[in-house]
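For reference, the chains in residue letters:
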Amino acid sequence: MEAAMGLMRRMPPKHSETALSALLSLIPQHSSDLLSQVDQPLQVICDVDYGKEFILCEYNRDADSYRSPWSNKYHPPLEDGPYPSPELRKLEIEANEVFAIYRDQYYEGGISSVYMWEDENEGFVACFLIKKDGSKSGHGRRGYLQEGAWDAIHVMEVGPEEEGMAHYCLTSTVMLSLTTNNESTGTFNLSGSIRRQVIYVVEYNIMVFLVTG
């Protein structure tokens, strides 16, 4: 398992899906660990009810359906999929609005999605996602990149620690892929990923966190 994780850390993001599929075939006994610990480049579909795109990931998935942060419906439709509580859903809607503004100001476009759900420890988890396609055919505004992708996944776990204290764990993964092929820059290919985690135990009323790219 350690060798498999080391291999996936060194794998270019655009080849990670193929590599993960091969590892699942080689070591099926570690399938659950691999699927939970290996992040894949983000995919996007459109919520036809709202006319907005949203990001697909393991955190809004149930079976083969994905919940939209805009309509709160599963695509394709799913009868018994899990949903956040009304209070958490309200916070999820507000977070999507705020994060969309941050995305446009910091990334100059792209797609963002925020998902929230209750956990088993009387707390909740929030997942902040951003996907930016900087290629000529995507959201790139300057036209320098033949291919370019930025995928950012930030997962914040919040739960009670003791009276007046809360436990916060932020895990961030960023996957980057850049390719150029023109006269001014020549041919250039750069890709990689990084994952970091920080944990805080602080008072409820003083914890403020900022998720950045």
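Our subject in this report is the structure included herewith. (Residues numbered from 1 in each chain as written. Predicted model: local features only at pLDDT ≥ 70, side-chain atom pairs only at ≥ 80, totals over all residues. Heavy atoms only, no water.)

### Notes on the overall build of the protein chain
The criterion, for reference: By definition, any uninterrupted DSSP run of H or I lasting at least four residues is a helix, any uninterrupted run of E lasting at least two residues is a strand, and each is numbered from the N terminus. Each residue gets one of three labels from its accessible area relative to the maximum for its type: buried under 20%, exposed over 50%, partly exposed in between, using a 1.4 Å probe on protein chains only. Here, Shrake-Rupley sampling with a 1.4 Å probe gives the accessible areas, and only protein chains in the shown set may cover a residue.
For the protein chain, the count of helices and strands is four helices and 10 strands. In the protein chain, the succession of α and β elements from N to C terminus is α-α-α-β-β-β-β-β-α-β-β-β-β-β. Relative to its full complement of 213 residues, the protein chain shows a buried share of 41%. Only carbon and sulfur atoms are counted for the fraction: they give 53% of the accessible area of the protein chain, which is about 12,700 Å².

### Side note on the nonpolar core
Taken as a class, soluble globular proteins show a tendency for nonpolar side chains to be buried jointly. Our working definition: We call a set of buried Ala, Val, Leu, Ile, Met, Phe, Trp, Tyr and Cys residues a nonpolar core when their side-chain atoms join them within 4.5 Å.
One finds Leu42, Phe54, Leu129 and Ile153 to be the most contacted residues of the largest nonpolar core, which totals 15 residues. Looking at this core, the elements that each hand over two or more residues are β2 (52-56), β6 (111-118), β7 (124-133) and β8 (147-162). Residues Ala95, Phe99, Ala126 and Ile130 belong to the second largest nonpolar core, which totals 12 residues.

### Quick look at the sheet that holds strand β4 (residues 65-67)
Paired through backbone hydrogen bonds, the strands of a sheet run either parallel or antiparallel to each other. This is how the line gets drawn: DSSP-based pairing: two strands are paired if at least 2 bridges between them are found.
Pairing in this open sheet of three strands is antiparallel, and the strands run β3-β4-β5 from one edge to the other. Bordering the open sheet on either side are β3 (61-62) and β5 (74-75), each of which pairs with just one other strand. Across two bridges, β4 lies against β5 in antiparallel orientation. From the neighbouring strand, Tyr66 faces β5, where its bridge partner is His75.

### Brief notes about the sheet that holds β8
Just so we agree on the cut-off: The axes are straight lines fitted to the C-alpha atoms, using for helices just the contacting stretch, and the angles between their N-to-C directions are given from 0 to 180°. Throughout, a contact is declared for two residues whenever any of their heavy atoms are within 4.5 Å.
Overall, antiparallel pairing links the five strands, which are arranged β6-β7-β8-β9-β10 in an open sheet. Two strands bound the open sheet, and with one partner strand each, they are β6 and β10 (186-203). Each strand of the sheet is rotated relative to its neighbour by a mean of 10°, with strand direction disregarded. Helix-sheet contacts for helix α4 (residues 86-107) involve β6, β7 and β8, and the interaxial angle to β6 is about 155°.

### Section: the pattern of salt bridges
Rule in force here: Put simply, a salt bridge is a Lys or Arg side-chain nitrogen that is within 4 Å of an Asp or Glu carboxyl oxygen.
As enumerated under the stated definition, the model contains seven salt bridges in all. Among the salt bridges present, the one from Lys73 reaches Asp49, with a minimum N-O distance of 3.2 Å. Linking Lys73 in the loop between β4 and β5 with Asp49 in the loop between β1 (43-47) and β2, this pair joins segments that are 24 residues apart in sequence. Between Glu58 and Arg61 there is a salt bridge, with the nearest N and O atoms lying 3.1 Å from each other. Given a relative accessible area of 35%, Arg61 falls into the partly exposed group. When salt bridges with common partners are traced through the structure, they connect Glu58, Arg61 and Asp64 into a single cluster.

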